[in-house]
Amino acid sequence: LEATYSDVATAESAVRGYLLTGEARYVQQFQDERRSAERRLAALTALPPGVAVAGARAEALRPLVRRRLSFLRETIERRRDGAEAAMAVMRAPA
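Residues numbered from 1 in each chain as written. Predicted model: local features only at pLDDT ≥ 70, side-chain atom pairs only at ≥ 80, totals over all residues. Heavy atoms only, no water.

**Q** Where do I start with the environment of Tyr-26 in this structure?
**A** Position of Tyr-26 among the secondary structure elements: in helix H2 (residues 24-45). Tyr-26 sits in the buried class, given a relative accessible area of 17%. Sequence-wise, Tyr-26 and Glu-12 are 14 residues apart; in three dimensions their C-alpha atoms are separated by 10.0 Å. Beyond its immediate sequence surroundings of up to four residues, Tyr-26 is in contact with Ala-14, Gly-17, Tyr-18 and Thr-21. (Helix = DSSP H or I, 4+ residues; strand = E, 2+ residues; numbered from the N terminus. Buried < 20%, exposed > 50% of the residue type's maximum accessible area, 1.4 Å probe, protein only. Contact = heavy atoms within 4.5 Å.)

Structure below.
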């Protein structure tokens, strides 16, 4: 679970880098971290019954991670529309 948190935190940093610079390398980093977080969650939910606690936590975490990654992906799309559009998304209440 900690590695998944790290993936999401790194994805957020990548999006901030993209917002500030507009450089595509940050989008690629976001995509890599998104895929990594999704793989980790899938692996955790597939754990055998003896490790059910971690699997249950991962299952509860999955919609939260997906919502956050969706928000970050939306922010990237808004940045492509212009920096101010992306900043408006970031400033909006959660």
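There's more to say after this.
**Q** Where do I start with the packing of aromatic side chains in this structure?
**A** We describe a pair of aromatic rings using the distance from one ring centre to the other and the angle between the two ring planes. Counting across every chain of the model gives zero aromatic pairs. For Arg-79, the ring lying beneath its charged end belongs to Tyr-18, and the centroid distance is 5.8 Å. (Phe/Tyr/Trp six-rings, centres within 6.5 Å; stacked < 30°, edge-to-face > 60°. Lys NZ or Arg CZ within 6 Å of the ring centre and 35° of its normal.)

**Q** Hey, could you run me through the environment of Ala-58 in this one?
**A** With respect to the helices and strands, Ala-58 occurs in helix H3 (residues 52-81). Linking Ala-58 and Thr-45, residues 13 residues apart in sequence, is a C-alpha distance of 5.8 Å. Residues in contact with Ala-58, not counting those within four places in the same chain, are Leu-1, Leu-41, Leu-44 and Thr-45.

**Q** Teacher, can you tell me more about the pattern of salt bridges here?
**A** If charged atoms from side chains of opposite charge come close, those side chains can pair. Enumeration over the complete set of coordinates arrives at eight salt bridges. Put simply, Glu-12 and Arg-68 hold a salt bridge, and the shortest N to O gap is 2.6 Å. Of this pair, Glu-12 sits in helix H1 (residues 2-21) while Arg-68 sits in helix H3, placing them 56 residues apart in sequence. The partly exposed category is assigned to Arg-68, whose relative accessible area is 34%. Between Glu-38 and Arg-34 there is a salt bridge, with the nearest N and O atoms lying 3.5 Å from each other. Of this pair, Glu-38 and Arg-34 both sit in helix H2, four residues apart, roughly one helical turn. Among the residues examined, Arg-34 registers a relative accessible area of 17% and is labelled buried. (Salt bridge = Lys/Arg side-chain N within 4 Å of Asp/Glu carboxyl O.)

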